[in-house]
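# Coordinate inspection notes
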Amino acid sequence: NAGVTQTPKFQVLKTGQSMTLQCAQDMNHEYMSWYRQDPGMGLRLIHYSVGAGITDQGEVPNGYNVSRSTTEDFPLRLLSAAPSQTSVYFCASSYSNSGRGQTQYFGPGTRLLVL
Amino acid sequence: KQEVTQIPAALSVPEGENLVLNCSFTDSAIYNLQWFRQDPGKGLTSLLLIQSSQREQTSGRLNASLDKSSGRSTLYIAASQPGDSATYLCAIHGNQFYFGTGTSLTVIP
């Protein structure tokens, strides 16, 4: 198993550009989520999904869109990048469709710099 | 909103010492608590998961405890090694997942 994979590993964007961060898992997990990690603020939940076709907002959803057309993939879209979105982005997955009682598995992260 | 605090933010100990990392949270209505390790520039690796009905979990030299009534969890590391140097994060699963800001641990050979 590859586990949770994320691409790209690093990206530089200009303000106003859009892009998609890719996340895939091969563990047949129902629950997937996106976090951003900023210095001194810990990880904050952006969006999550409890199964294909179902997504919901987390703590900091503004400026981001998600979709879940398959169990394996959960892309994160930045609609119009802003310097405040400079961060490290992590994707995670869990077997349970609520994430409850199950270990979360994390991808290696995508470092995003918005100029 | 759940607030998760980890103190201290950084800790440096000599090799072989036993140590305790602390995690506190404000809302006791949780499903589980998970401790993670994060190495520089890497993702998170799960260490221990404690269900809300449990008091502790053990894995090798690691022991995690949970006291929901006081809103506290501790991660005990026995006989620390330089390879234990990393940032340790606790995460609370309530209505959503909430993370602490972590404790950066350095074990000096």
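Please refer to the structure higher up on the page.
Reference entry: report on the structure contained in this document. This is a predicted model, so every value here is computed, not measured.

## What about the overall build of chain A?
Counting its regular elements, chain A contains 0 helices and 11 strands. Listing the helices and strands of chain A from first to last along the sequence gives β-β-β-β-β-β-β-β-β-β-β. Against the globule reference of 13 Å for 115 residues, chain A gives a C-alpha radius of gyration of 13 Å, in line with a compact fold. Judged by the C-alpha coordinates and their principal axes, chain A covers about 40 × 30 × 25 Å. In chain A, buried positions account for 49% of the 115 residues. Partitioning the contacts of chain A with sequence separation of at least 6, the portion at a separation of at least 24 is 55%. Looking at chain A as shown, the accessible area adds up to about 5200 Å², and 49% of this sits on carbon and sulfur atoms. Separation between the mean location of the 8 positive side-chain charges and that of the 7 negative ones in chain A comes to 10 Å.

## With respect to the nonpolar core
Of all hydrophobic cores here, the largest spans 23 residues; its most connected members are B:Leu33, B:Trp35, B:Leu75, B:Ile77, B:Tyr88 and B:Leu105. The set of elements that each furnish at least two residues to this core consists of β3 (19-25), β4 (32-38), β5 (44-51), β7 (62-67), β8 (72-77), β9 (86-93) and β11 (103-108) of chain B. Core analysis: the second largest hydrophobic core is formed by 18 residues, A:Val4, A:Leu21, A:Cys23 and A:Ala81 among them.

## Considerations on the environment of A:Gly3
All names here are of chain A. Along the chain, the position of Gly-3 falls in the segment before β1 (4-7). In the structure, Gly-3 is positioned 20 residues away from Cys-23 in sequence and 10 Å away in space, judged by C-alpha atoms. Not counting residues up to four positions away in its chain, the partners in contact with Gly-3 are Ala-24, Gln-25, Asp-26 and Met-27.

## What about the sheet that holds β3(B)?
Residue and element names in this part refer to chain B. Taken together, 5 strands build an open sheet; the order of strands is β1-β3-β8-β7-β6 and the sheet is antiparallel. With partners counted over all chains shown, the strands left at the sheet margins are β1 (4-7) and β6 (56-59), one partner each. Pairwise comparison of adjacent strand axes, ignoring direction, gives a mean angle of 15° for this sheet. For β1 and β3, the ladder comprises 4 bridges, and the chain directions are antiparallel. Opposite Val-4, over in β3, you have Phe-25 as the bridge partner.

## Focus: the sheet that holds strand β8 (residues 76-78) of chain A
All names here are of chain A. Read from one edge of the open sheet, 4 strands run β1-β3-β8-β7, paired in antiparallel fashion. Both edges of this open sheet fall to β1 and β7 (64-66), since each of them pairs with a single strand only. Across the sheet, the axes of successive neighbouring strands diverge by a mean angle of 20°, strand direction being ignored. With 3 bridges connecting them, strand β3 (residues 19-25) and β8 associate as antiparallel partners. Bridged to Leu-21 within β8 is Leu-76.

## Overview of a nonpolar patch on the surface
Nonpolar side chains collect at one region of the surface, where A:Phe10, A:Val12, A:Leu113 and A:Leu115 lie side by side and expose about 370 Å² of accessible area between them. On the basis of relative accessibility, which here comes to 58%, the residue A:Leu115 falls in the exposed class.

## Details of the state of the cysteines
Throughout the structure, instances matching the rule amount to 2 disulfides over all chains. Put simply, A:Cys23 and A:Cys91 are joined by a disulfide, and their sulfur atoms are 1.9 Å apart. When the S-S torsion is -70°, as for the bridge of A:Cys23 with A:Cys91, the disulfide is left-handed. In this pair, A:Cys23 is assigned in strand β3 and A:Cys91 in strand β9 (residues 87-94), connecting sequence segments 68 residues apart. Of the residues examined, A:Cys23 reaches a relative accessible area of 2% and is grouped as buried. The class for A:Cys91 is buried, based on a relative accessible area of 0%. Paired by a disulfide, B:Cys23 and B:Cys90 hold their sulfur atoms 2.0 Å apart.

What counts and how
- Residues numbered from 1 in each chain as written.
- Chains lettered and ligands numbered in written order.
- Predicted model: local features only at pLDDT ≥ 70, side-chain atom pairs only at ≥ 80, totals over all residues.
- Heavy atoms only, no water.
- Helix = DSSP H or I, 4+ residues; strand = E, 2+ residues; numbered from the N terminus.
- Rg over C-alpha atoms; globule rule 2.2 N^0.38 Å.
- Buried < 20%, exposed > 50% of the residue type's maximum accessible area, 1.4 Å probe, protein only.
- Contact = heavy atoms within 4.5 Å.
- Areas by Shrake-Rupley, 256 points an atom, 1.4 Å probe, with all protein chains shown as cover.
- Lys, Arg positive; Asp, Glu negative; His and termini not counted.
- Charge placed at Lys NZ, Arg CZ, Asp CG, Glu CD.
- Core = buried A, V, L, I, M, F, W, Y, C linked by side-chain atoms within 4.5 Å.
- Pairing = 2+ DSSP bridges.
- Axes fitted to C-alpha atoms, helices over the stretch in contact; angles between N-to-C directions.
- Patch = residues over 30% accessible without salt bridge, like charges linked within 9 Å, V, L, I, M, F, W, Y side chains within 5 Å.
- Salt bridge = Lys/Arg side-chain N within 4 Å of Asp/Glu carboxyl O.
- Disulfide = S-S within 2.5 Å.

Note that every value here comes from positions in space, so none of it alone points to a role or purpose.
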